[in-house]
Amino acid sequence: MGSNMAECHPVAFRWPMKAKLNGAKLIHVDPRFTRTSAVADLHVPIRAGSDIAFLGGLINYVINSKRWNSDPFFKEFAVNYTNAATIIVDEFKDTEDLEGVFSGMVKFTEPAFWPYNGLEGRYDNATWAYKRGPKPPPGPIGAVTPGELARVAPGAATKDLIAKRAGPPFDDLVRSLKPGPAEKDPTLQNPHCVFQILKRHFARYTPEMVEQVCGSPKEKFIKVAEMLLENSGRDRTSAFAYAVAWTQHTYGVQMISCCALLQLLLGNIGRPGAGVMALRGHAAIQGSTDVPTLYHSIHGYLNAPSALRPHETLRDYMAAETSPTSYYGNLPKFLVSYLKSMYGAAATAENDFGYDWHPKILGDHSHMASFAAMADGKVKGMCCVGQNPATTLNGGATRRAMRELEWLVVKDNWLTETATHWYLGPEVKNGEVKIEDIKTEIFFFPSTQIAEYDGSFTNTQRMLQWHSFAAKAPGDCRTDSWFYHNLAKRLKKAYADSKLPRDQGWNNLSWDFDPDAGEEPLYPGEISARKVLREINGYQTADAKQHLKGFGELKDDGSTTCASWIYCGCFPAWDQNLTARREADPPGVPGAHLKWGWAWPANRRVMYNRASADLKGNPWSERKRWIWWDPTFVNPPDPKTAKPVPRGKWVGYDVPDFAATKAPDAQPKPDGIGLDALSGTQPFIMRADGKGWLFVPAGLVDGPLPTHYEPHESPIHNPLYKQQTSPVHKVWAPGKPYNQLAAVGDPKFPYVISTYRLTEHYLAGAMSRWLPWLAELQPELFIELGKDLAKEKGIRNLDWVVVSSPRGRIRAKALVTDRIGVMQIAGKRIHHVGMPWHWGWMGLSTGDVVNDLTSWVGDPNVSIHEGKAFVCNVEKA
């Protein structure tokens, strides 16, 4: 679901095809019949944007099925490994109680834009919390509360507190954050327990309702549900794979959360052949969020320090962000080691390891928020590297925004639309904009291709793989790392004499990526890629050649440096780059190919794999054996204390995602933090309760349970709730002429449209439209429409058509097929069309910009746009 894997991820799709040869069943749920559908055992059509209704229907069907209620496996997994039994506070109100919204809704009394941009308001999640018993008694520092501790001024008072503690400097702070125990009902009968709440929540998602909302035939929907039930349990597992057709919605995060909820109920998380796989767009998309190009996080998915959150001091940040009873109880170690990587020897305990030098975000700095601010003249300049915004996300508004810049740097392989919009953009060509009125100064830096430098990829399965350059780049082409490296050195030089407090971050920044003596750079001024990976891995600050073997060695006292804690262990010795390994397991031997590359965290290939064993540590079945508890294993003495360690260890085909010597019957330590706060039967170690979350008490801004809302632009009113769309989804530049939005059921724009990708082209086209072979295979833009709509409009195959939305009009060739068509939705006949979005006015193959049709609306959690479900009109040109 949410993916045309055969065409958009063809290399990865060989594995589902191999599974199919071994007897696996392949299901494809998609608005179009694609090459993925053609090899599937079952294709189910679905209206774009209605996936939560489909998944919610599966959840309702599963928990009321005879198989789920008669097989003890499912209840055992749900009660012990998920929060199904946890009781929620009495004040919680569900969408069933409030006509489509949750309790805690704070309505805006006037239009509220940055930093929230919520459509109607925002949620206060206090009523989504677990019902808890009394908080545990305070630790060694007694009367000092987390708030007081967080505000102790640096200096003697802080040192006195630290001196009274046992262990690292921040343990007592973390311990003081521990909440009281959550109340539970293992019988799942309490009306306020998670299971009963979700059972009521999804009760209206019947097969009949799914057919009405999704357009998916009832008999096909039931067949999907039965196939999932048949292929889940002790002996069998099922997996979901999705891509951007699940993310690019105003509720995209909730779609994925809904799938995770279903998989937890089926026991399909943490086990081989199970899970929810995000199909990344290319070989390093995963890496670009791990070592982030995102505004809201720093390395390893830690939240970026923010001026809008209680992040004023280092201890404030730790108190706000640390989850004391999960592995995130070690956050102080991750953060201090990160700050040591940033500021080196200048980062000391006395100055909070340079925390005050670190930049803080001011709100929403995502793509659309930035371009909306740019359109208002609030952004002076932009470095655009490896991106082509002139063809993306409401292209007309985006190009308008870029014309407000004073300067623009474009670094790419070719002169893209972003580099040439000022003289070749459609607004300039049609006379709407005059070149002499554009004030922007544009600089172009020619870039290398991926095979022209050394480095690493991190792919869909979180695996780092080292690659070496194949050829030198021509002329003045340079790598992205060359650009940033030399820019950083110039900026450090520019700020060197500044005494301003705001510039001390630059003055103290640790920056040493020039090649060592004897290491020949690929290009003049180029970095050492291995040096960067060593910095990411981390080392002892006393000796940079003493690399860290894993994140278990990180300290919060300044003795370790590590840029990204999740990558710690990929380069465990000076001459040991594990990402360069290429050793597969022997054919026919069960295993996880642990010597092929290196996967984070700790080279684990299946996350939360403690769930692959039952409560006693035995495999759920021999067929699905993955890791298990070996009570006879003789452990060496504890390396820190030299004390003997009791027998027993988690062993298996993978690296256990659990404390290696924690027995299944181990109980939490009363004063424990981190993994010491979890028992031997709590496999989800990154969650504060060690459970997989069916109900999400914190972390999502748009609700604790997935709920079907309509896309912002929809041809119908919401058949499930009075609430039409997510009340907190984001809208930028509301009411502005360049971001006009269609009303519900607008007769001027009656058709549902999805954008999609082709195998032959790549994203905005900068890596494919300049290649003659690919341009010949897919030479021009087209719109895929069904035969019924074509007949209604008098359109024949290959006719020119005009496609319009409230934001723009474009021309394309008609591709009339049986692969997409008309659906009966809530008693209304709805046509669906699709368009690939790879084109622009540059390159060998040119065409109109499909994203000129899209709008600036998006998901409230991650600010991604809604490009897979909006409305349009189609007319013969």
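1. Concerning helix α11 (residues 207–214)
Of all the positions in α11, only P207, V210, V213 and C214 are classed as buried. Viewed end-on, α11 has its buried residues packed into an arc of 125 degrees, placing them on one side of the element. Against α4 (51–63), α12 (218–230) and β25 (822–825) lie the buried residues of α11.

2. Brief notes about the side chain of D412
Mapped onto the elements, D412 comes out in strand β10 (residues 407–412). Of the side chains with opposite charge, K411 lies nearest to the buried D412, which makes no salt bridge, at 8.3 Å. Those residues within four positions of D412 in sequence are excluded, and the remaining contacts are G386, Q387, F444, F445, P446, S447 and A766.

3. Quick word on the pairing of strand β21 (residues 751–756)
Residues in a regular strand point their side chains to alternate faces of the sheet. With respect to burial, β21 is a largely interior element, 6 of its 6 residues being buried. Side chains Y751, I753 and T755 project from β21 onto one buried face, and the interleaved V752, S754 and Y756 project onto a second face that is buried too. Pairing geometry for β21 and strand β28 (residues 870–876), over 3 bridges, is antiparallel. Following the sheet pairing, Y751 is matched in β28 by C872. Looking at chain direction, β21 and strand β26 (residues 828–836) are connected through 5 bridges and run parallel. Paired with T755 across the strands is M835, a residue of β26.

4. What about the sheet that holds strand β17 (residues 598–599)?
Pairing is antiparallel across the open sheet formed by 3 strands, whose spatial order is β12-β13-β17. On the outer flanks of this sheet lie β12 (455–458) and β17, each paired with one strand and no other. Looking at chain direction, β12 and strand β13 (residues 463–467) are connected through 4 bridges and run antiparallel. Considered in β13, the bridge of G455 is made with H467.

5. Concerning the sheet that holds β10
Strand order in the open sheet formed by 3 strands is β9-β10-β11, with parallel pairing between adjacent strands. The open sheet is flanked by β9 (381–385) and β11 (441–446), the only strands paired with a single partner. Each adjacent strand pair in this sheet contributes to an overall mean axis angle of 10 degrees, direction not counted. Inspection of the sheet shows β9 paired to β10 by 5 bridges, in the parallel sense. In the strand pairing of β10, C383 is matched with V409.

6. Quick word on the pattern of salt bridges
In the structure shown here, the tally under the stated rule is 38 salt bridges. Of the charged contacts, one joins R796 and D799 as a salt bridge, the two residues approaching to 4.0 Å between their closest N and O atoms. Residue D799 is classed as buried on the basis of its relative accessible area of 13%. One connected set of salt bridges, linked through shared partners, spans R399, R403, E427 and D852.

7. Notes on the packing of aromatic side chains
This model, assessed by the stated rule, comprises 37 aromatic pairs. One aromatic cluster is present, built from ring pairs that chain together W68, F73, F74, F77, Y81, F195 and W620. Directly above the ring of W600 sits R462, whose terminal nitrogen or CZ lies 5.7 Å from the centroid. One cation-aromatic arrangement involves R687 over W693; the distance from NZ or CZ to the ring centre is 4.6 Å.

8. Section: helix α24 (residues 529–537)
Most of α24 is tucked away: 7 of the 9 residues are buried. Those residues of α24 that sit buried are A529, K531, L533, R534, E535, I536 and N537. Taken together, the buried residues of α24 touch α17 (331–343), β12, β13, β14 (539–540), β15 (543–547) and β16 (560–561). Where α24 ends, the next residue or the one after it, G538, has phi of about 100 degrees, a positive value.

9. Describing unusual backbone geometry
Residue P601 follows W600 across a cis peptide bond; omega there is -5 degrees. With respect to the element layout, P601 can be found in the loop between β17 and β18 (627–630). Non-glycine residue L393 carries a positive phi angle of around 45 degrees. With respect to the helices and strands, the residue L393 is situated in the loop between β9 and α19 (395–402). Given the relative accessible area of 11%, L393 is considered buried.

Cut-offs applied
Residues numbered from 1 in each chain as written. Predicted model: local features only at pLDDT ≥ 70, side-chain atom pairs only at ≥ 80, totals over all residues. Heavy atoms only, no water. Buried < 20%, exposed > 50% of the residue type's maximum accessible area, 1.4 Å probe, protein only. Helix = DSSP H or I, 4+ residues; strand = E, 2+ residues; numbered from the N terminus. Arc of directions from axis to C-beta. Contact = heavy atoms within 4.5 Å. Lys, Arg positive; Asp, Glu negative; His and termini not counted. Salt bridge = Lys/Arg side-chain N within 4 Å of Asp/Glu carboxyl O. Pairing = 2+ DSSP bridges. Axes fitted to C-alpha atoms, helices over the stretch in contact; angles between N-to-C directions. Phe/Tyr/Trp six-rings, centres within 6.5 Å; stacked < 30°, edge-to-face > 60°. Lys NZ or Arg CZ within 6 Å of the ring centre and 35° of its normal.

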